[in-house]
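The residues making up each chain are set out below.
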Amino acid sequence: MQDHQDGTADARTGAQAGPDYALSDLWYYAAPSRELVPGTLLPKTILGRDLVFGRAGDGQPFCLEDVCPHRGIPLRFGRLDGGEVECCYHGWRLGPDGCLKAIPSLTRDQTFDFSRINVTNFPCREAQGNIWVWIGKGKGPFTPDIDIPALPGGDDLGPIRIFDRQFFPCPMDQAVMGLMDPAHGPFVHASWWWRPKKSAYEKAKAFAPSEYGFTMCRHRPSANSRGYKLLGGAPETETVFRLPGIRIEEVQAGKNRVLGLTAVTPIGPNASEVNQIVYWNVPWLTPLTPLIKHYAVRFLGQDREIVTKQQFGLAHDPPMRLIDDADLPAKWYLRLKWEFARARADGRPFSNPVPEATLRWRT
Ligand code: FES
Ligand SMILES: [Fe+2]
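With respect to the pairing of strand β12 (residues 124-127)
Turning to step 1, where the next piece is worked out: Summarising the sheet, β12 and strand β13 (residues 130-135) pair through 4 bridges and their orientation is antiparallel. Within β13, the residue paired with A127 across the bridge is N130.
Turning to step 2, where the next piece is worked out: Linking two consecutive strands that pair antiparallel, namely β12 and β13, is a turn of 2 residues; a positive phi of about 50° is found at Q128 within it.

This is the structure we're talking about:
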């Protein structure tokens, strides 16, 4: 990030300004558990790496580099057989750990050292209905030294009520900065059901550093947000952001709780996936699921449309002017990313660069 003389900061996130378009050595959101059907292979591209997901014999998810070590055909075209991946070309078999287990064409008297051949295995974790994958640098083996993002409520969260995934044709940074940007609300999301455009007023929100990110501390949501009022009681909300691009928003009113997870996963330098997952424990909300989903999809769709339009301007690599305080969360995100990349490169512990602060803006 580069500072301009007028006190703004430049946040161009191309190769010249950022460590990489996305960070390695972190957990990325892969898919909701239900998409990984036992006995089937699920291909995905994350951070430019072609991957294939499956479930081992014991049901545990696994993820391998999607290329056969024999003659390079993607493993996705093969099949899962007894928890092993069988390549569609000559039937080589790979275990969930990525190690070669069998070569069907070998005769009984031919010996072959299977331990010489393997494909990269990417560690996977499954929790609260979601599958996370650890994307390390290079070929591995990878040993995660960070926990997957914890959702408050643990196993009591219940099932996923809404899942929505949208393709954002932009670098991951633009998707993340768009999602944490407080100033776009009245312009991008103005609608009768969320908040009327004319109701903008000044707000002050307290922030504190938290694990690999920062938290907008627990507070009463704006009186001009109609969506929250439906929950009844005196709702309180807390929003946590953490690297690589995870936002967890919790709304609580007495026993009633709604939890939203938004996870940005980079596909490549200019392509991202935004996953939106919602849980709740409010029985009367459940019959309204189709309606809530309709609005959740529309809301995220408005974010997608605006960053899609932004790409036409960004193609000319203009300077960007990030101001205080409305753009501070975006600046913090970029600083977190830099610090994470540097700490990894230097082999030292991560030191959170976000200060405790109260930010003020008008929305
Ligand atoms: S290419 Fe996969 S077994 Fe030959
Ligand atoms: Fe938005």
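Additional details are given in the paragraphs that follow.
Some thoughts on the sheet that holds strand β3 (residues 26-32)
Turning to step 1, where the next piece is worked out: Read across the open sheet, the 3 strands follow the order β3-β13-β12; overall the sheet is antiparallel. Of all the strands in the sheet, the pair left with one neighbour each is β3 and β12. Neighbour-to-neighbour, the strand axes of this sheet turn through a mean angle of 30°, independent of strand direction.
Turning to step 2, where the next piece is worked out: Two strands pair when backbone bridges link them, and β3 and β13 are joined in this way by 6 bridges, in the antiparallel orientation. Following the sheet pairing, Y28 is matched in β13 by V133.

Focus: unusual backbone geometry
Turning to step 1, where the next piece is worked out: Between G140 and P141 the backbone carries a cis peptide bond, its omega angle lying at 0°.
Turning to step 2, where the next piece is worked out: Inspection of the secondary structure puts P141 in the loop between β13 and β14 (162-168).
Turning to step 3, where the next piece is worked out: The residue after D324, namely D325, is reached through a cis peptide bond having omega -5°.
Turning to step 4, where the next piece is worked out: Summarising the element assignment, D325 is placed in the loop between α4 (289-314) and α5 (328-346).
Turning to step 5, where the next piece is worked out: Even without a glycine there, the phi angle at D25 is positive, about 65°.
Turning to step 6, where the next piece is worked out: Relative to the elements of secondary structure, D25 occurs in the loop between β2 (9-10) and β3.
Turning to step 7, where the next piece is worked out: Positive phi, normally seen in glycine, also occurs at D317, with a value near 50°.
Turning to step 8, where the next piece is worked out: You can see D317 is positioned in the loop between α4 and α5.

What to know about the sheet that holds strand β21 (residues 357-362)
Turning to step 1, where the next piece is worked out: Strand order in the open sheet made by the 8 strands is β14-β20-β19-β18-β17-β16-β15-β21, with antiparallel pairing throughout. Either end of the sheet is taken by a strand with one partner, and the two such strands are β14 and β21. Between one strand and the next, the sheet's axes are offset by a mean angle of 20°, whatever the strand orientation.
Turning to step 2, where the next piece is worked out: Taken together, the 7 bridges between β14 and strand β20 (residues 271-280) define a ladder with antiparallel strand orientation. Among the inter-strand pairings, D164 is bridged to a residue of β20, identified as Q276.
Turning to step 3, where the next piece is worked out: Lying on the sheet, helix α1 (residues 172-179) is in contact with β14, β17 (236-242), β18 (246-253), β19 (256-268) and β20; it crosses β19 at an angle near 160°.
Turning to step 4, where the next piece is worked out: With respect to the sheet, α5 is in contact with β15 (202-210), β16 (213-219), β17 and β21, its orientation differing from that of β16 by roughly 145°.

A few points about the packing of α1 against α4
Turning to step 1, where the next piece is worked out: Two elements in contact, α1 and α4, have axes separated by 10 Å at closest approach and are oriented at 130°. Regarding the angle of α1 to α4, the classification is oblique. Crossing geometry of α1 relative to α4 is assigned as right-handed. Judged by residue contacts, Q174, G178 and L179 of α1 engage L300, D303, V307, Q310, Q311 and L314 from α4.
Turning to step 2, where the next piece is worked out: Here the residues of the contact of α1 with α4 are counted per class, giving 4 nonpolar, 4 polar and 1 charged.

Parameters and conventions
Counting from 1, residues in each chain are numbered in the order their sequence is written. Written order determines the labels here, with chains lettered from A and ligands numbered from 1. Where local features are concerned, this predicted model is filtered to residues with pLDDT of at least 70; where side-chain atom pairs are given and counted, the filter is 80 or more; whole-chain, interface and lining totals use all residues. Water and hydrogen atoms were dropped before computing side-chain values, which therefore reflect all heavy atoms in the structure. By the convention used here, strands pair only if DSSP detects at least 2 bridges between them. Secondary structure follows DSSP: runs of H or I at least 4 residues long count as helices, runs of E at least 2 residues long count as strands, and numbering of each begins at the N terminus. Helix axes are fitted only over the stretch in contact, all axes being lines through C-alpha atoms; the angle between N-to-C directions runs from 0 to 180 degrees. Pairs of residues are marked as contacts when any of their non-hydrogen atoms sit within 4.5 Å. Orientation categories follow fixed angle ranges, with anything under 35 degrees roughly parallel, anything over 145 roughly antiparallel, 65 to 115 roughly perpendicular, and all other angles oblique. Here is the rule for handedness: rotate from the far helix to the near one, and if that takes an anticlockwise turn smaller than a right angle the crossing is left-handed, while a clockwise turn gives right-handed. Each residue is assigned to one of three groups, with Ala, Val, Leu, Ile, Met, Phe, Trp, Tyr, Cys and Pro labelled nonpolar, Asp, Glu, Lys and Arg labelled charged, and all others, Gly among them, labelled polar.

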